[in-house]
Amino acid sequence: MKLVMAIINSDDAQSVIRGLTQEGFQITKLATTGGFLMAGNVTIITGVEDSRVDEVTRIIREKSKSRSQTVPTVSESSMGGFFNAPLVEVTVGGATVFVIPIDHFEKI
Ligand code: 2BA
């Protein structure tokens, strides 16, 4: 058995969750925040049999798109305080997917 943990853009989260639950996967949705952009994203965790891992990643791939985002950078001034530095463009997933082996699974 595996734990699939997927960090998903908030805009794609509903579509991914619908796709997974329609195929019978049980999921837990966590409200998370990316450390770089400090913007909200969604982390989905689902415990699945090894034979269904490919199906989960296929659904996530189909339902999430990568997009370009322009974000302001903030730098510290030598005089103290902060000032706005140039905008930077980053490509944001899509999804970042981890597949983790599970030693033990039990519902109590
Ligand atoms: P954030 O950390 O907010 O990162 C958003 C996007 O900013 C990233 O997209 C990447 O394109 C860019 N980025 C992140 N750190 C950077 C850096 N040090 N320098 C330049 N650009 C940087 P994604 O790679 O698609 O990641 C989307 C979100 O997935 C991340 O949000 C984070 O919440 C999560 N994530 C990605 N890789 C991860 C990892 N190895 N471990 C844990 N979480 C991860």
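Heads up: the structure comes first, above all this text.
Everything in this summary refers to the structure shown in the same document. (Residues numbered from 1 in each chain as written. Predicted model: local features only at pLDDT ≥ 70, side-chain atom pairs only at ≥ 80, totals over all residues. Heavy atoms only, no water.)

**What about helix α1 (residues 10–22)?**
Applied cut-off: Secondary structure elements are defined from DSSP: runs of H or I of at least 4 residues count as helices, runs of E of at least 2 residues count as strands, and each element is numbered from the N terminus. What a helix should span is 1.5 Å times the count of its residues minus one. Categorising residues by exposure relies on relative accessible area from a 1.4 Å probe, with only protein chains included: less than 20% of the type maximum marks a residue as buried, more than 50% marks it as exposed, and the intermediate range marks it as partly exposed. Relevant arc is that of directions from the helix axis to the C-beta atoms, nothing else. Counting of polar contacts relies on pairs of N or O atoms within 3.5 Å, with two restrictions inside protein: one atom must be capable of donating a hydrogen and the other of accepting it, and residues adjacent in sequence are counted only when both atoms are side-chain atoms.
Given a rise of 1.5 Å per residue, 13 residues ought to cover 18 Å, and the 19 Å separating the end C-alpha atoms of α1 matches this to within 8%. Regarding α1, the residues found buried are Asp-12, Ala-13, Val-16, Ile-17, Gly-19 and Leu-20. Angularly, the buried residues of α1 cover 165° about the axis, an arc narrow enough to put them on a single face. Residues of α1 that are exposed and point over 90 degrees away from its buried face: Asp-11 and Gln-22. The N-capping residue of α1, defined by a side-chain oxygen 3.0 Å from the backbone nitrogen of Asp-11, is Asn-9. Positive backbone phi, at 90°, marks Gly-24, one or two positions downstream of α1.

**Thoughts on the nonpolar core**
Heads up, the rule is: What is meant by a nonpolar core is a set of buried Ala, Val, Leu, Ile, Met, Phe, Trp, Tyr and Cys residues, joined one to another through side-chain atoms within 4.5 Å. Whether two residues touch is decided by their heavy atoms; if any such pair falls within 4.5 Å, the residues are in contact.
In terms of nonpolar packing, the biggest core is built from 15 residues, with Leu-20, Ile-44 and Val-56 touching the most fellow members. Counting residues per element, the ones that place at least two in this core are β1 (2–9), α1, β3 (40–48) and α2 (53–63). What Val-56 contacts, discounting residues up to four positions off in sequence, is Val-4, Leu-20, Phe-25, Thr-46 and Val-48.

**Things to note about the site of the ligand**
Quick reminder of the rule: Any residue with at least one heavy atom within 4 Å of a molecule or strand is counted as near it. Using a 1.4 Å probe, the Shrake-Rupley method yields the accessible areas, and only the shown protein chains count as cover for residues. Residues are grouped as follows: nonpolar covers Ala, Val, Leu, Ile, Met, Phe, Trp, Tyr, Cys and Pro; charged covers Asp, Glu, Lys and Arg; every other residue, Gly included, is treated as polar.
By nearness alone, every residue bordering the ligand is listed as Ile-7, Gly-34, Gly-35, Phe-36, Leu-37, Asn-41, Val-90, Thr-91, Val-92, Gly-93, Thr-96 and Phe-98. Between an oxygen atom of the ligand and a main-chain N or O atom of Phe-36, the distance comes to 2.9 Å. Isolated, the ligand exposes 750 Å² of accessible area, and the fraction of that covered by the protein chains is 52%. Of all the elements in the fold, those that place two or more residues in the shell around the ligand are β5 (82–92) and β6 (95–101). Split into classes, the residues belonging to the shell around the ligand amount to 6 nonpolar, 6 polar and no charged.

**Digging into α2**
Within the span of α2, buried status applies to Val-53, Val-56, Thr-57, Ile-59 and Ile-60. Burial along α2 is one-sided: seen end-on, the buried residues are contained in an arc of 160°. Of the residues in α2, the exposed ones pointing more than 90 degrees away from the buried face are Asp-54, Arg-61 and Glu-62. Looking at the packing, one finds that the buried side of α2 touches β1, α1, β3 and β6.

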